[in-house]
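Fold and contact review
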Amino acid sequence: MSQQPHVGLSLVSKAPMGMLITAVIAIVANVLLELNIITLGYAVTGGVVSAVLLLAYWLGKGGLFFILGVSIPLVLVLLTPLASIAALLNLVSGFFFGFCAALFVYKLLENK
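Residues numbered from 1 in each chain as written. Predicted model: local features only at pLDDT ≥ 70, side-chain atom pairs only at ≥ 80, totals over all residues. Heavy atoms only, no water.

When you go through the protein chain residue by residue, the secondary structure sums to five helices and zero strands. Helices and strands appear in the protein chain in the N-to-C order α-α-α-α-α. Taking 13 Å as the expected radius of gyration for a compact globule of 112 residues, we find that the protein chain reaches 15 Å, a close match to that expectation. Residue burial in the protein chain is summarised as follows: out of 112 residues, 35% are buried. Considering only intrachain contacts with a sequence separation of at least 6, the fraction spanning at least 24 residues in the protein chain is 76%. (Helix = DSSP H or I, 4+ residues; strand = E, 2+ residues; numbered from the N terminus. Rg over C-alpha atoms; globule rule 2.2 N^0.38 Å. Buried < 20%, exposed > 50% of the residue type's maximum accessible area, 1.4 Å probe, protein only. Contact = heavy atoms within 4.5 Å.)

Here is the structure:
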């Protein structure tokens, strides 16, 4: 991957579509099921942290960032209270929304 950083960074161009899809999933889920704001907050924060760590890896800062970046979802599942399927759906959609949002911000800052 360090030989071809464009492989990971190619996700940056798909971030707006990812934000749209995950937002629609979260909205539909929260209309049909219950909203768990704490789980959603943890998930979005975890997604942002994971994206930042993986961006550091993709930009050649070291393999430790990859290990930390891909460990964040596991930590979220272990530490977030998942009492219902709605909470799990909030966790997954929130994580990917946060991940895509961080990549989108990176894309905006990179273009400046």
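What UniProt calls "transmembrane region" (unreviewed entry) maps, in this numbering, to residues 15–33, 40–58, 64–82 and 89–109. Summarising residues 89–109: 100% helix, 0% strand, and an end-to-end C-alpha distance of 30 Å. (UniProt positions renumbered as here; feature names shortened; annotations may be inferred.)

In this model, helix α2 (residues 15–32) (18 residues) spans 26 Å end to end at C-alpha, consistent with the 26 Å of a helix rising 1.5 Å per residue. Looking at the packing, one finds that the buried side of α2 touches α5 (85–110). (Expected span 1.5 Å × (residues − 1).)

This part is about the environment of Val24. Counting through the fold element by element, Val24 comes out in helix α2. Between the alpha carbons of Val24 and Ser93 there is a distance of 9.1 Å; along the sequence they are 69 residues apart.

Taken N-terminus to C-terminus, the directions of helix α3 (residues 37–58) and helix α4 (residues 63–79) make an angle of 165°; their axes are 7 Å apart at the nearest point. With respect to each other, α3 and α4 are oriented roughly antiparallel. As α3 runs across α4, the sense of the crossing is left-handed. On α4, the residues that touch Tyr42, Ala43, Gly46, Val49, Ser50, Leu53, Leu54, Ala56 and Tyr57 of α3 are Gly63, Phe65, Phe66, Leu68, Gly69, Val70, Ile72 and Leu76. (Axes fitted to C-alpha atoms, helices over the stretch in contact; angles between N-to-C directions. Parallel < 35°, antiparallel > 145°, perpendicular 65-115°, else oblique. Left-handed = near helix turned anticlockwise from the far one by under 90°.)

Looking now at the nonpolar core. Core analysis: the largest hydrophobic core is formed by 20 residues, its most contacted members being Leu55, Trp58, Phe95, Phe99 and Leu103. Among the elements of the structure, α2, α3, α4 and α5 are those that each provide at least two residues to this core. At eight residues, the largest contribution of residues to this core is made by α5. (Core = buried A, V, L, I, M, F, W, Y, C linked by side-chain atoms within 4.5 Å.)

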